Amino acid sequence: MFDTQQKDIQAKLNTLAKKKAIKFAPLKWQPIPFNGEWGITTTFFQTAANEAKDGKNKGMPVPQRAQEIAEHVKGVVGGVEGISHVEAVNGYLNLYFSTETYVSRIVNLILDQGADYGRGPKKDERIMVEYAQPNTLHSFHIGHARNAILGESLARIVEFSGFETIRASYPGDIGLGVITVLWAYNKFYKGQEPQDVHERGQWLLKIYTEATALLEEKEAESPDDKAQREEYDAERRDMYRKWDEGDPAVRALWLETREWSLEELRDILSMLGIKIDEWFYESEVDKPSKAIVDELIKKGIADDERADGGPVIVKIDEKLGLKKEKYRTAVILRSDGTSLYLTKDLALAKEKFEKYNVDRSIYVVDNRQSLHFQQAFKILELWGFPQAEKCYHLAYGFVTLPEGAMSARSGRVVLFKDVADQAQRRALAAMTERTPEMSSKDRIKVAQQIGLGALIYTMLSVDNNKDIVFNIDDALSFDGRTAPYIQNAFVRANSILRKAGGAPDSASFEHKLAPDETQLIDLISRFPSTVEQAANEYRPLVIATYAYDLANTFHSFYHSVPVIKAEGAEVQAARLRLVAATQQVLENALRLLVINAPEGM
RNA sequence: GCCCCUGUAGCUCAAUGGAUAGAGCAUCGGCCUUCUAAGCCGACGGUUGUGGGUUCGACUCCCGCCGGGGGUACCA
């Protein structure tokens, strides 16, 4: 938006450079730290430092010379269209915008573009974001929730920034953990399953915990206990073997129970507003992954040690010519010929690249698997996939409980559904006295938006790689830096607009802007570049911070600047447009955070 | 041992190499006869783990050390 001004100034600088023989370093423009006025700034420290290096500074300290240059520049910049005044301070050149010109332009732009305001230009790369990879037959806990929320927010952000985006889920539907539940269910609980999807999920968690206890070696175990445990374990392994051979009875049982988990997963994802485009099941990449092992051996990337009773490995460091151990050696096929997690991920990556023509692949998986993905990406690189360079493991920190790590084995988990229900109850309790006029049906819906919002914002307002210690009272707080605070700003804007009968179709901003008004305009104008930054850095936190800042500014504006009772019809019209624009940006930002904006609360 | 992440206010967290390091919670004090008090305004609170280096300028980049977490060939 300020390109023309910047070019104009650059041209004037070039003239000055010739006249005064100053070699300007390239200028970086950034917003002036907010001080009640609105503008952009640049420094001349680099230019002054370069002069000092060339011995042309006449012994003047760098900051002093930078200030001198800034003053020279101020002298020649003169009148630039849209700039109200220029100042040189501390080596900085500050250009303040004539707000009238820009304010209406920004507000008009936002209200014209609506839900599309902030959308980036279409990019010609296709991104696949893989998230929501819970193991089936294991309940969906708040750790899975962080994963799903982070993945969905990221998908929305990169999509909004202009990338064609595919959302992928990769449930772990087979493995010893799955078989353990299947075995225990079949042996002790068949036919006793509850009908409700979530009750069934909790029930399966109980079975898993019990089964683990039965199969675990205990201290001071009697011979009978030991024999019993070994018998159970043999049954379990036998079941896994049958699954592998495709035994119809085991497969049927497996499919039926798998569907229970998938039903619950779909229910939770839909509650969060998540629509997955492609489902990849771990069980389905098992076969293709074995073919890949042969190919890697043929290409000389993998070493086959099976003749000596060993596995198939890739000596990554050696292949890359690294002396220090970094990527180490990865096993890609067990000595018994079965595949591993890494093998399957290689097969999946190949499919993503070849069948889905993915240019970039983002894996939202917790940070304990960093080495795994580093190995996978390096093997893909050795294999010759150029896309390997644009594979990115979005490693996020683990969600733990104040009393320690969650553990399904011991049954110490906090289930997402329980937390979501409690969040809704708390929101409902707070709403009952606040909104007596609302129908109970609407109230329940809004309570869910607020409750889930609070939980989601808790997950997104911490940077990707940091652990979250989950304390339910903190996570579901509705005060301060939370989703309800942001939602409330939206609701207040909505309330003003409702009482005023909506915003007019046009208005001119000719009144003297209050500081809170200017800051509001400054923030809403920065939304597009904020989206771009969040997409470039793969960080929903950037949007989470922005949404809070905008809500915070709006709350201040709300208190200090009258809208409906503004002095004069023109000021009122202008402010109504500003409120409508702010509301729109709040809504767009919340959408990227997978949070709904309620009409009232 | 090696690799990755991390260390900022009492607590939880922010801060494209740029101006006086900012929020929330907690504590204390104000504000509901003005558009929703899930709010606003103010006070209190800092040697950014530590020692060097690079730079006009370092929470940010580089190196060493210390503390915390995770990982380290046939689990996922």
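Before reading on, note that the structure itself is shown above.
Residues numbered from 1 in each chain as written. Chains lettered and ligands numbered in written order. Predicted model: local features only at pLDDT ≥ 70, side-chain atom pairs only at ≥ 80, totals over all residues. Heavy atoms only, no water.

Chemist: Account for the protein's contact with RNA strand B, naming residues and giving values.
Modeler: In the neighbourhood of RNA strand B, 65 residues make up the surrounding shell, with Arg328, Arg334, Arg434, Arg492 and Ser495 lying closest. Separating a base nitrogen of RNA strand B from a backbone N or O atom of valine 563 is a distance of 3.2 Å. Broken down by secondary-structure element, the contributors of at least two residues to the surface near RNA strand B are α2 (45–53), β4 (92–97), β10 (329–333), α13 (370–383), α14 (416–434), α17 (483–500) and α20 (540–560). For the surface near RNA strand B, the leading source of residues is α17, giving eight residues. (Near = heavy atom within 4 Å. Polar contact = N/O pair within 3.5 Å; in protein donor to acceptor, adjacent residues only side chain to side chain. Helix = DSSP H or I, 4+ residues; strand = E, 2+ residues; numbered from the N terminus.)

Chemist: Give a description of the packing of aromatic side chains that names residues and reports values.
Modeler: Tallying each qualifying case throughout the model produces 24 aromatic pairs. Relative to phenylalanine 416, the ring of phenylalanine 140 lies with its centre 5.9 Å away and its plane at 80 degrees, an arrangement referred to as edge-to-face. Residue phenylalanine 140 is located in the loop between β5 (126–131) and α5 (142–160), and its partner phenylalanine 416 is located in helix α14; the two are separated by 276 residues in the primary sequence. A relative accessible area of 6% means that phenylalanine 140 is categorised as buried. Assessed through its relative accessible area of 0%, phenylalanine 416 is described here as buried. Ring centres of tryptophan 279 and tyrosine 281 lie 6.5 Å apart, and the angle between their planes is 15 degrees; on these two criteria the pair is classed as stacked. Among the aromatic residues, those joined into a cluster by ring pairs are Tyr185, Tyr189, Trp203 and Trp260. The aromatic ring of tryptophan 254 is capped on one face by arginine 258, whose charged end is 5.1 Å from the ring centroid. (Phe/Tyr/Trp six-rings, centres within 6.5 Å; stacked < 30°, edge-to-face > 60°. Buried < 20%, exposed > 50% of the residue type's maximum accessible area, 1.4 Å probe, protein only. Lys NZ or Arg CZ within 6 Å of the ring centre and 35° of its normal.)

Chemist: Give me the lowdown on helix α9 (residues 248–272), citing residues and values where you can.
Modeler: Its 25 residues place the ends of α9 36 Å apart at the C-alpha level, agreeing with the 36 Å of an ideal helix rising 1.5 Å per residue. Of the residues flanking the start of α9, the one acting as N-cap is aspartate 247, its side-chain oxygen 3.1 Å from the backbone nitrogen of alanine 249. At the C-terminal side of α9, glycine 273 shows a positive phi close to 80 degrees. (Expected span 1.5 Å × (residues − 1).)

Chemist: Tell me about the nonpolar core, and please be specific about residues and values.
Modeler: In terms of nonpolar packing, the biggest core is built from 119 residues, with Val129, Val364, Phe416, Phe470, Ile486 and Phe527 touching the most fellow members. A total of twelve residues in this core trace back to one element, the largest contributor, which is helix α21 (residues 569–592). Counting residues in each nonpolar core, the second largest holds 37 residues, with Phe280, Val285, Tyr363 and Phe373 among its members. (Core = buried A, V, L, I, M, F, W, Y, C linked by side-chain atoms within 4.5 Å.)

Chemist: Describe the pairing of strand β11 (residues 360–366), with residues and values.
Modeler: For β11, the buried fraction is high: seven of the seven residues fall into the buried class. With burial as the criterion, each face of β11 is covered, one bearing Arg360, Ile362, Val364 and Asp366 and the other bearing Ser361, Tyr363 and Val365. Bridge count between β5 and β11: four bridges; the pairing is parallel. Counterpart to valine 129 in the pairing with β11 is isoleucine 362. With six bridges connecting them, β11 and strand β12 (residues 391–396) associate as parallel partners. Within β12, the position partnered with aspartate 366 by the bridge is tyrosine 396. (Pairing = 2+ DSSP bridges.)

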